[in-house]
Amino acid sequence: MSLVTPGAFIVPDWHRCKDSKEYFNKIIQKKNRKNFGLLESPVMPPHAAVDTLDYKVFISGKSGVGKTALAARLAGLNIPSVHHETTGIQTTVVYWPVKLRENGRVLFFRLQLWDCGENALRRFDHLLPSCKEQVDAVLFLFSFTDRTSFQDLSNQMTKWTESTDCLVKVVVGTKFDLFMHCDVAERDVRKFQETWRLPVFHSGGEVSDRLGDVAPILNCLAENLWHQDCVRAGAAGWQQQHETRTLP
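Residues numbered from 1 in each chain as written. Predicted model: local features only at pLDDT ≥ 70, side-chain atom pairs only at ≥ 80, totals over all residues. Heavy atoms only, no water.

The helix and strand tally for the protein chain stands at eight helices and eight strands. Partitioning the intrachain contacts of the protein chain with sequence separation of at least 6 by distance along the chain shows that 76% fall at a separation of at least 24. Summed over its atoms, the accessible surface of the protein chain is roughly 13800 Å², and 51% of this surface lies on carbon and sulfur atoms. (Helix = DSSP H or I, 4+ residues; strand = E, 2+ residues; numbered from the N terminus. Contact = heavy atoms within 4.5 Å. Areas by Shrake-Rupley, 256 points an atom, 1.4 Å probe, with all protein chains shown as cover.)

Written out as structure tokens, the structure is:
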């Protein structure tokens with residue numbers, strides 16, 4: 001499933017609008033993003049109660065590209081200063097409010113990010129099926145400082161789409177701030193985007209409390225997950241009508 005045009009279903013850059021503050025303040029604590037556990041959620045007052053949509057997002061990429069660092073960045077957490085291979089499955093919860101363009105309805109997206117070390121996936125056969133089970137989206141990562149990780153993108157994407165195409169696919173290039181060590185040219189990125197018809201987001205630098213650093217990626221995930229649900233609901237409705245009409 002190709003990505004929709006940004007802003008087609010949600011209000012773009014809503015985090016910059018005044019009417020969003022009441023909602024974004026629920027994911028910020030002392031000017032920093034709040035760390036939500038698996039059983040925690042933002043608490044809104046009764047007059048501003050919103051629905052929460054839950055999604056599973058897997059982060060795919062070679063060892064060392066920055067999967068754990070990106071999960072921390074999207075959640076507003078501190079990035080580990082030293083790289084350690086993730087030994088098993090690590091999950092991070094991210095809450096992100098959006099406003100629908102059509103009716104002004106506000107929704108909280110609960111994104112559970114799954115990160116699993118490449119070596120662990122190779123050693124333990126049960127991990128990959130667990131990661132794939134009921135997954136809604138995949139973040140495909142490469143590092144701008146590692147050309148082999150960029151060249152491996154097509155293999156990654158083929159593995160995840162050979163069984164189903166009903167996945168939101170988002171590509172992120174990490175370590176973009178290390179331009180002095182860049183090993184992937186912009187022309188290569190443009191060619192990839194044209195071939196796969198997918199945008200490539202850039203990530204790098206220190207984590208800041210500014211929501212704008214992560215808004216493009218999180219808005220893209222939220223908008224396309226919402227669209228995917230709408231498509232599925234429409235297909236289910238059509239199937240139900242079709243079955244009803246064909247009953248003897």
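Here the focus is the nonpolar core. Counting residues in hydrophobic clusters, the biggest one holds 69 residues, and the most contacted among them are L74, W96, F109, L111, L139, F142 and V171. Residue contacts for L111: discarding those within four places in its chain leaves Y55, V57, T92, V93, V94, L218, L221 and L225. (Core = buried A, V, L, I, M, F, W, Y, C linked by side-chain atoms within 4.5 Å. Buried < 20%, exposed > 50% of the residue type's maximum accessible area, 1.4 Å probe, protein only.)

In this section: the pairing of strand β5 (residues 106-116). In terms of burial, β5 is largely enclosed, as eleven of its eleven residues are buried. Neither face of β5 is left uncovered, since the one carrying V106, F108, R110, Q112, W114 and C116 and the one carrying L107, F109, L111, L113 and D115 both have all their residues buried. Between strand β4 (residues 89-99) and the antiparallel strand that follows it, β5, lie six residues; G104 among them carries a positive phi value of about 75°. (Pairing = 2+ DSSP bridges.)

It is worth spelling out unusual backbone geometry at this point. Despite not being glycine, D13 has its phi angle at roughly 55°, a positive value. Tracing the backbone shows D13 in the segment before α1 (21-24). Positive phi values are uncommon outside glycine, yet Q134 reaches one of about 55°. Looking at the secondary structure, you find Q134 in the loop between α4 (127-132) and β6 (137-143). With relative accessibility at 69%, the residue Q134 sits in the exposed group.

We now examine the side chain of K56. Turning to its location among the elements, K56 is positioned in strand β3 (residues 51-60). No salt bridge is formed by the buried K56, whose closest oppositely charged neighbour, E133, lies at an N-O distance of 5.6 Å. Polar contacts involving the side chain of K56 include one to the main-chain carbonyl oxygen of E133, which spans 2.6 Å. (Lys, Arg positive; Asp, Glu negative; His and termini not counted. Salt bridge = Lys/Arg side-chain N within 4 Å of Asp/Glu carboxyl O. Polar contact = N/O pair within 3.5 Å; in protein donor to acceptor, adjacent residues only side chain to side chain.)

Attention now goes to the sheet that holds strand β8 (residues 200-202). Within the open sheet, the six strands sit side by side as β4-β5-β3-β6-β7-β8. Their pairing is mixed. Bordering the open sheet on either side are β4 and β8, each of which pairs with just one other strand. Put simply, the sheet's adjacent strands are angled 30° from each other on average, direction ignored. Sheet topology note: the β6/strand β7 (residues 168-174) ladder contains seven bridges and is parallel. Considered in β7, the bridge of A137 is made with V168. Packing of helix α2 (residues 67-75) onto the sheet brings it into contact with β3, β4, β5, β6 and β7, and relative to β4 it is tilted by some 35°. Contacts between helix α6 (residues 153-161) and the sheet are confined to β3, β6 and β7, with β6 contributing the most and set at about 165° to the helix. (Axes fitted to C-alpha atoms, helices over the stretch in contact; angles between N-to-C directions.)

Counted under the stated rule, the structure contains five salt bridges. For D51, the salt bridge goes to R105, with nearest N and O atoms at 2.7 Å. Linking D51 in strand β3 with R105 in the loop between β4 and β5, this pair joins segments that are 54 residues apart in sequence.

What follows covers the packing of aromatic side chains. The final tally for this structure, using the stated rule, is twelve aromatic pairs. Three or more aromatic residues joined by ring pairs make a cluster, and in this case those are F142, F144, F150, F176, F192 and W196. Here the basic side chain of K56 rests over the ring of W114, its NZ or CZ set 3.9 Å away from the ring centre. A cation sits over an aromatic face here: K132 above W160, 5.3 Å from the ring centre. (Phe/Tyr/Trp six-rings, centres within 6.5 Å; stacked < 30°, edge-to-face > 60°. Lys NZ or Arg CZ within 6 Å of the ring centre and 35° of its normal.)

The next point concerns the environment of S63. With respect to the helices, strands and loops of the structure, S63 is situated in the loop between β3 and α2. Judged by its relative accessible area of 27%, S63 is partly exposed. Each C-alpha atom of the pair S63 and S149 lies 8.8 Å from the other, and the pair is 86 residues apart in sequence.

Within the secondary structure layout, D146 lies in the loop between β6 and α5 (147-151). D146 gets classed as partly exposed once you look at its relative accessible area, which sits at 23%. Separated by 36 residues in sequence, D146 and C182 place their C-alpha atoms 7.8 Å apart. Residues contacting D146, with those up to four places away along its chain left out, are K62, D183 and V184.

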